[in-house]
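# Structure assessment
The residues making up each chain are set out below.
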Amino acid sequence: MTYQQSLEKIHSLLHLGSRPGLDRMLKLLDKIGNPQNKCKFVHIAGTNGKGSVSQMISSVLTEAKLKTGLFISPYITDFRERIQINGQMIPKESLADAVEYLFPFVEEMAETGDVITEFEFVNAVAFYYYAKENCDIVVLETGMGGLLDCTNTIPSPLCSVITPIALDHTAVLGDTIEKITFQKCGIIKEKSFTVIGKQTDNAIERQIVKYCVEHKNIYHFAEDCKFKVISSTIEGTTVKYKGRKLNLHLAGLHQIENLRTALKTIEVLTDEYFYPITKDDIEYGIAKAKNPARFELLSKSPRVILDGAHNPNGMESFGKSVEEYTSGKRVLIMGMLRDKDISHSIDFIKGKFQTVITLTVDNPRSITGEELAHICRDKFPNVITADSPIDAVDIALDLAKKEDCTIMICGSLYLAGEIRPILIDRLCE
């Protein structure tokens, strides 16, 4: 099987969408030898910040010479970003071999009515690959929720991590913050530890603590990780932590709290499990951490910033960083998915951009550029609808040249994946 054929097999399952529940996944994993039971995990759930926290932890563990798996979603530009070891994407040949071996089990299950989704299959491929490669530890990001997320088929992790929780995926996870928090807390298991990231509401924090206590899980607050912020700019943040300067190249005010969460998790791994992680490992690992499309500075002239903010909590953080790190005229390229809280999300950036360029994201769940423009017209002075990502980029670059604007992109990680290579190509001309 070729790499392209393996992708076609994987994407043939896409039409099934998301179907919460663990029974199908457990059956599949049992058929392939339960590879998840051969690995140790740091399991990460939350609404925002999961990807950045995962990347930071993975980078530090890799620097500590631990063979570190990383599972994330969605990807930005290359499907193989979802499955990594030591910061390297799964080789095309390895992915093709894994799909060739595993897909017949999916077909066998389909014959008896157990239909595996794309996300479940990719997760199974990842578990198979990590076990085969004898990873020392795997940083595992949930897809949606936690309790019924297929990543939750793992045994008790070394540490569970809960990043900020907010209303999102309400059709699947529940229509209240209490219901969503309950789902996210589902990754917390007995005989383990949990790191609780800073929450927007004390009631959320109390609910997480209660869940930990009920499940005999020892919890730690990320806020107890102490460091001093020395500087925070568009190019990243520098803090002083345990006598060392740490340079984090992920920009945005929210990344300061994500850093606390990542460092507290590292403290749990060193203090509770005695992983040999040194101060040098932490310093160099944090400096090497990358996470595309999270307030990512793609160019200084013209200034271009790419962000995947797509829900109210993410847009609030994005809006604060816009004001903190940029000034003057700004133009925004935006596309969003229909199932997001669009109007509420946009309220957090209302009036911060002189021009907004809307477009339709290449996703069946996308709201059209025209519909998004209609929502934006009473929130921004000038709204333009673009026919395509290339059209949007060209309009924005022309405005930046004429009016010395900062170009920014937000609304969807799917949009970020579409537009990032176009921007890089145009900026290199």
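Residues numbered from 1 in each chain as written. Predicted model: local features only at pLDDT ≥ 70, side-chain atom pairs only at ≥ 80, totals over all residues. Heavy atoms only, no water.

## Observations regarding the sheet that holds strand β11 (residues 244-248)
Rule in force here: At least two DSSP bridges between two strands are required for those strands to pair. Secondary structure elements are taken from DSSP: a helix is a run of H or I of four residues or more, a strand is a run of E of two residues or more, and numbering for both begins at the N terminus. Between N-to-C directions, angles cover 0 to 180 degrees, with each direction set by a line fitted to C-alpha atoms, over the stretch in contact for helices. Pairs of residues are marked as contacts when any of their non-hydrogen atoms sit within 4.5 Å.
Taking strand neighbours across the sheet as the criterion, the three strands line up as β9-β10-β11 in an open arrangement whose pairing is antiparallel. Edge positions in the sheet fall to β9 (228-233) and β11, since each of these pairs with one other strand and no more. Pairwise comparison of adjacent strand axes, ignoring direction, gives a mean angle of 15° for this sheet. Of the pairings in the sheet, the one linking β9 to strand β10 (residues 236-241) comprises five bridges and is antiparallel in character. Considered in β10, the bridge of S232 is made with T237. Sheet contacts for helix α9 (residues 254-273): β9, β10 and β11; angle to β10, the most-contacted strand, approximately 40°.

## A short note on the packing of aromatic side chains
The condition is simple: A pair of Phe, Tyr and Trp rings is counted when the ring centres sit within 6.5 Å of each other, with Trp represented by its six-membered ring. The angle between the planes then sorts it: under 30 degrees is stacked, over 60 is edge-to-face, the rest tilted. Only protein chains enter the accessibility calculation, which uses a 1.4 Å probe; a residue is then buried when its area is under 20% of its type maximum, exposed when over 50%, and partly exposed in between. Placement of a charge over a ring requires the Lys NZ or Arg CZ to be within 6 Å of the ring centre, with the centre-to-atom vector within 35 degrees of the ring normal.
Counting across every chain of the model gives 13 aromatic pairs. Centroid distance F41 to F127: 5.7 Å. Interplanar angle 75°. Geometry classified as edge-to-face. With F41 in strand β1 (residues 41-45) and F127 in helix α5 (residues 118-132), this residue pair connects regions lying 86 residues apart in the sequence. There is no split in this pair, since F41 and F127 are both buried. Summarising the aromatic geometry, the rings of Y75 and F79 are spaced 5.7 Å apart at their centres and angled 70° between planes, so their arrangement reads as edge-to-face. Classification of F79 as buried rests on a relative accessible area of 6%. Among the aromatic side chains, those forming a connected cluster through ring pairs are F295, F318, Y325 and F353. In this structure, R80 packs its charged tip against the face of Y3, placed 5.9 Å from the ring centre. In this structure, R260 is placed above the aromatic ring of F227, and the distance from its NZ or CZ to the ring centre is 4.1 Å.

## A look at the pattern of salt bridges
Oppositely charged side chains can form a pair if their charged atoms are brought close together. Keep this limit in mind: Take a side-chain nitrogen of Lys or Arg and a carboxyl oxygen of Asp or Glu: if they are within 4 Å of each other, that pair is a salt bridge.
All told, the structure shown has 25 salt bridges when counted by the stated rule. The closest approach of N and O atoms between K67 and E133, which form a salt bridge, is 3.5 Å. With K67 in the loop between α3 (50-63) and β2 (68-71) and E133 in the loop between α5 and β5 (137-141), this residue pair connects regions lying 66 residues apart in the sequence. What makes E133 partly exposed here is its relative accessible area of 28%.

## Considerations on the sheet that holds strand β17 (residues 406-410)
Ordered by their spatial adjacency, six strands build an open sheet running β12-β13-β17-β14-β15-β16, and the pairing between neighbours is mixed. Every other strand in the sheet has two partners, leaving β12 (296-300) and β16 (382-385) as the edge strands with one partner each. Going from strand to strand, the sheet's axes swing by 15° on average, the running direction of each strand aside. Bridging between strand β14 (residues 330-334) and strand β15 (residues 355-358) involves four bridges; their strand directions are parallel. Pairing of I333 across the sheet is with I357, part of β15.

## Topic: unusual backbone geometry
In this chain, S73 is followed by P74 through a cis amide linkage whose omega measures -10°. Inspection of the secondary structure puts P74 in the loop between β2 and β3 (83-85). Cis geometry is adopted by the peptide bond preceding P302, which originates at S301 and carries an omega value of -5°. Position of P302 among the secondary structure elements: in the loop between β12 and β13 (303-306). The residue N34 is not glycine, and still its phi comes out positive at about 50°. One can find N34 in the loop between α2 (23-31) and β1. Here the phi dihedral of N134 falls at roughly 55°; this positive angle occurs in a residue that is not glycine.

## Regarding α2
Note the threshold: Directions drawn from the helix axis to the C-beta atoms are what define this arc.
Listed as buried for α2 are R24, M25, L28 and L29. Taken down its axis, α2 places every buried residue within 130° of arc, on the same side. Along α2, the residues that are exposed and aim more than 90 degrees away from the buried face are D23 and D30. Where the residues of α2 are buried, they touch α4 (92-110) and α5. Looking at the residues trailing α2, positive phi occurs at G33, about 95°.

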